[in-house]
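One-letter residues, chain by chain:
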Amino acid sequence: LMRTVAALPGDERFGHLPDDVDEDYLSALTGFFTDMDMMGWLDRPVTYTPLQLCSIYAGVIGANACAAALLDRLRCGQGREIHASRIAGGLSAIGALCLKQRGLPPHLDPVPAIYKSTADILAKRRGIEPSELDAYKQAAISDPAKQAWLFQRLYPFMAPYKCSDGEWILPMATFNRRLATGYCAYLGFADDVSAFGIVDRDPYDPASAPFDDRNLALPIGFNFPSSCKVAELFEAKFLEKTALEWEAELEAAGLPCAVIQTWEAWMRDPDARAARIFAEVGGEVQLGRAAWVKSAGEYPDLQPMVDGAAAVARDRAAPPPAATAPPRQRPLEGYVICDFANVIAGPACGRMLAELGATVYKLGPGVPQHGPMVMMVWQAELHQGKHSIILDAKKVEAREVIQRAIKAADVVLVNKMDNQLVSLGLNREALDVANRKAILLQLKSHQGERYTRKSNWNGYDPALQGKTGLMTRFGPHDPAAVAREGAGAGVPNFHGVASCVDYLTGYMAAWAGLAALYSREVRGGEQGDWAVTSLAVCASLTQLTLQRGEPPPSAVGHDATGMTPHKRVFPVAGGRCIYGQAPEAFDMRELAATLSSLESDAAIAHFENALGGALAVPVLTVREIAALCSDGGSKTANFSRKRGESGWEVETWEPTWFCFDGAPLSCARPPAFAGADAPQVLAALGYSPGEVLGLKQSRAVVPTLWYAWGDEPHREPLSSPIPPSDELLKEGLE
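Okay, so let's go over this structure. (Residues numbered from 1 in each chain as written. Predicted model: local features only at pLDDT ≥ 70, side-chain atom pairs only at ≥ 80, totals over all residues. Heavy atoms only, no water.)

1. Focus on the overall build of the chain
Next up, step 1: Secondary structure summary: the chain contains 30 helices and 23 strands in total.
Next up, step 2: The C-alpha radius of gyration computed for the chain amounts to 25 Å, which stays within 12% of the reference 27 Å derived for 734 residues, consistent with globular compactness.
Next up, step 3: Referenced to the eigenvectors of the C-alpha coordinate spread, the extents of the chain come out at roughly 75 × 75 × 50 Å.
Next up, step 4: Residues counted as buried form 58% of the 734 residues belonging to the chain.
Next up, step 5: Taking all contacts inside the chain whose residues are at least 6 apart in sequence as the whole, residues at least 24 apart take part in 74%.
Next up, step 6: When the accessible surface of the chain is summed, it comes to about 27,400 Å², and 53% of that surface belongs to carbon and sulfur atoms.
Next up, step 7: Within the chain, one finds 69 positive and 86 negative side-chain charges whose respective centroids are separated by 4 Å. (Helix = DSSP H or I, 4+ residues; strand = E, 2+ residues; numbered from the N terminus. Rg over C-alpha atoms; globule rule 2.2 N^0.38 Å. Buried < 20%, exposed > 50% of the residue type's maximum accessible area, 1.4 Å probe, protein only. Contact = heavy atoms within 4.5 Å. Areas by Shrake-Rupley, 256 points an atom, 1.4 Å probe, with all protein chains shown as cover. Lys, Arg positive; Asp, Glu negative; His and termini not counted. Charge placed at Lys NZ, Arg CZ, Asp CG, Glu CD.)

What follows is the structure in structure tokens.
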């Protein structure tokens, strides 16, 4: 029995909210109105979003809880009661935005990706004076084109650029060394970049620290002159061709990018239709399946729901299984996951399976191409519950470790392209030889239910935001002009860096893997499966409530306030905001004037006392709700401190989005530094202490943090020669 609720039963802090409370109240409380706009420091601290993310996330997480409970029921014969909290579901999507961590070596604790104020930028980006930044800021506030220009100078490797046809192309290389160097080489300005003093150095080598503000391996931390130089080179180059020409050419070269378009254009996209990301159902186009498994074969066409139709018949002749044991607190206990994934979506899937009780071996790459922000800082949240080991897959001994792990696995989790799976021996055919019972769980970028020419394209969360229309909802522009002329008529803006698409894709992947596991068990448990989802389908899923029409102009763009003049964000005294829904009979100008003179608590009380018991809530940032919920006073939301054996101290959310039989789950295991669990993982795979020592000495097993083992007092920094990008892509080592 699953109950979808706003807050978990017995919650004293949020229990006053009705379970079916309007989504906008929850978005206001959980930070979706404050932390999604990457340019919010341009004097717009609050921007309304019409996306129903708390409920969408809670729906997928609730499906995962049910699937895990069904798997456990096969073993114990008992059902259970599940609560899926919409508040907790929303908070599960913002772990990277309110994460706190301490204990990383200084060279692995990089410049953050998001700025909340000009003071943030001045503190973290060198080479720009306060007066200069203020001039750029004021220009960007008054002119949308200047915002695009400024965004390019702050994030040159992940900013939209105009092409010869007036449309936007979005390159994606800001977190990845191979892609950053690859873009410079492919577009022909590598020598210009080098002549400007920008280098290509291993960020995991402490000796590279003096170059952190001009290192292609860390482009998000460039000093301002270096960022400007690269942005100017991109800007000039992209004007040479149309956006579609650049997209096809760059993706063919293995360089992820996206033509930015509207949601309406995405719904008409021929490849999205061919892939069945969108399907025709009853004569209308709607979202297709969000995950699929190979054993299902050719899926039938989706059918429309018919009101009053008879329920699908089900054979109840067989008696239910006898209760043989109590349900497990974590229903996936006993299952083993090999997690080869990186960045956010794939690791979020592995973390969720660990929360549900699976043993997750995190197998990291020997030569990481993603920078410490991705591989270390974000993993403070995504490594929770996992056991981490780093392997140099070029060494025979390391490949043997991988094979042993695969033989022990129920699920092999990857976010690799198809050619990379083959080169790494992780494709379905190779798994059938190594462990035919294993589920291959693959996260892709562009794939849908059916394979198309774009199914093996590269991509990241931000690129798919551009491709699927999310970015055109939030930039500073005239919604009518964009609707009439397309994305090129506006200035696109991200809806968060990692809190819109990535986490949802990871959680949908968990659903796909659980569906495949359940199918395997009911078929006898001898043959595995191949389960897939993608960033493209999940970016589309975030917009599911907008399939039949766009929201009003008041809910679109950087000045968005709400769905109607009565249901909106209201400014109050002290620079704060509340969200409320006033009765239609009230004069909005008078109400807004009254609220603007009241402090937040008084404004909320005014809604209740003067507006007939109307509900209002404060608009909080993700850090504010984290601070509010750090005292253990909420059953629904618990932001807590965890300290692992490696000394890494992390503050993030407990997984209260899973609640079985009235008991919300807690963190299964504090996160460990990358590679810190190698001895324990190897022992679990059957290696003797002597063999473990040999693997460490040979460096087939790479030291903790790609630098040194905890028991080594000192050693010279590891050198990490980077092979040419075409070799790396071919071998799939990333």
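2. Concerning the pattern of salt bridges
Next up, step 1: Under the criterion given, the structure shown has 42 salt bridges.
Next up, step 2: Of the charged contacts, one joins D301 and R276 as a salt bridge, the two residues approaching to 2.3 Å between their closest N and O atoms. Taken together, the residues span a long stretch of sequence, with D301 in the loop between β9 (292–293) and β10 (336–339) and R276 in the loop between α13 (270–274) and β7 (278–281) at a distance of 25 residues.
Next up, step 3: Of the charged contacts, one joins R669 and D677 as a salt bridge, the two residues approaching to 2.9 Å between their closest N and O atoms. (Salt bridge = Lys/Arg side-chain N within 4 Å of Asp/Glu carboxyl O.)

3. Some remarks on the pairing of strand β16 (residues 567–571)
Two faces make up the sheet, and in a regular strand the side chains alternate between them.
Next up, step 1: When β16 meets strand β17 (residues 577–581), the two strands line up antiparallel, connected through five bridges. Bridging from a neighbouring strand, V569 pairs with Y579 of β17.
Next up, step 2: Here β16 hands over to β17 after five residues, with G574 in that stretch at a positive phi of 80°. (Pairing = 2+ DSSP bridges.)

4. Description of empty space enclosed by the protein
Next up, step 1: On inspection of all chains with the given rule, the structure shows eight cavities of 30 Å³ or more.
Next up, step 2: Its volume calculated, the largest cavity comes out at about 370 Å³.
Next up, step 3: Taken together, 26 residues line the largest cavity, and the ones lying closest to its centre are N342, N415, M417, G459 and Y460.
Next up, step 4: Those elements that provide at least two residues to the lining of the largest cavity are α8 (177–186), α14 (345–355), β14 (439–444) and α23 (502–522).
Next up, step 5: Split by residue class, the lining of the largest cavity holds ten nonpolar, ten polar and six charged. (1 Å grid on protein atoms, 1.4 Å probe; cavity = no way out; pocket = protein on both sides within 12 Å on 5 of 7 lines; lining within 4 Å. Points joined across faces, edges and corners; volume = space filled by probe spheres on them. Nonpolar A, V, L, I, M, F, W, Y, C, P; charged D, E, K, R; others polar.)

5. Things to note about the packing of α14 against α23
Next up, step 1: Running from N to C, α14 and α23 point in directions that differ by 50°, and their axes come no closer than 7 Å. Looking at the two axes, α14 sits oblique to α23. Pair α14 / α23 crosses with right-handed handedness. Contacts between α14 and α23 involve A345, A348, C349, R351, M352 and L353 from the former and D502, Y503, T505, G506, Y507, A509, A510 and L514 from the latter. (Axes fitted to C-alpha atoms, helices over the stretch in contact; angles between N-to-C directions. Parallel < 35°, antiparallel > 145°, perpendicular 65-115°, else oblique. Left-handed = near helix turned anticlockwise from the far one by under 90°.)

6. Describing the sheet that holds strand β18 (residues 616–618)
Next up, step 1: Ordered in space as β16-β17-β18, the three strands form an open sheet in which the pairing is antiparallel. Sheet topology places β16 and β18 at the edges, where each strand pairs with a single neighbour. When strand polarity is set aside, the average angle formed by the axes of neighbouring strands in this sheet is 25°.
Next up, step 2: Contacts from helix α25 (residues 588–596) reach β16 and β17, with the element oriented near 40° to β16.
Next up, step 3: Where helix α26 (residues 600–610) meets the sheet, its contacts fall on β16, β17 and β18, and the angle it forms with β17 comes to roughly 5°.

7. Observations concerning the sheet that holds β9
Next up, step 1: In space, the eight strands of this open sheet follow the order β9-β15-β14-β13-β10-β11-β12-β23, with mixed pairing throughout. The open sheet terminates on both sides in strands that have one partner only, identified here as β9 and β23 (701–702).
Next up, step 2: Pairing between β14 and strand β15 (residues 529–534): six bridges, direction parallel. Each residue of the ladder has a partner; that of Q442, found in β15, is V532.

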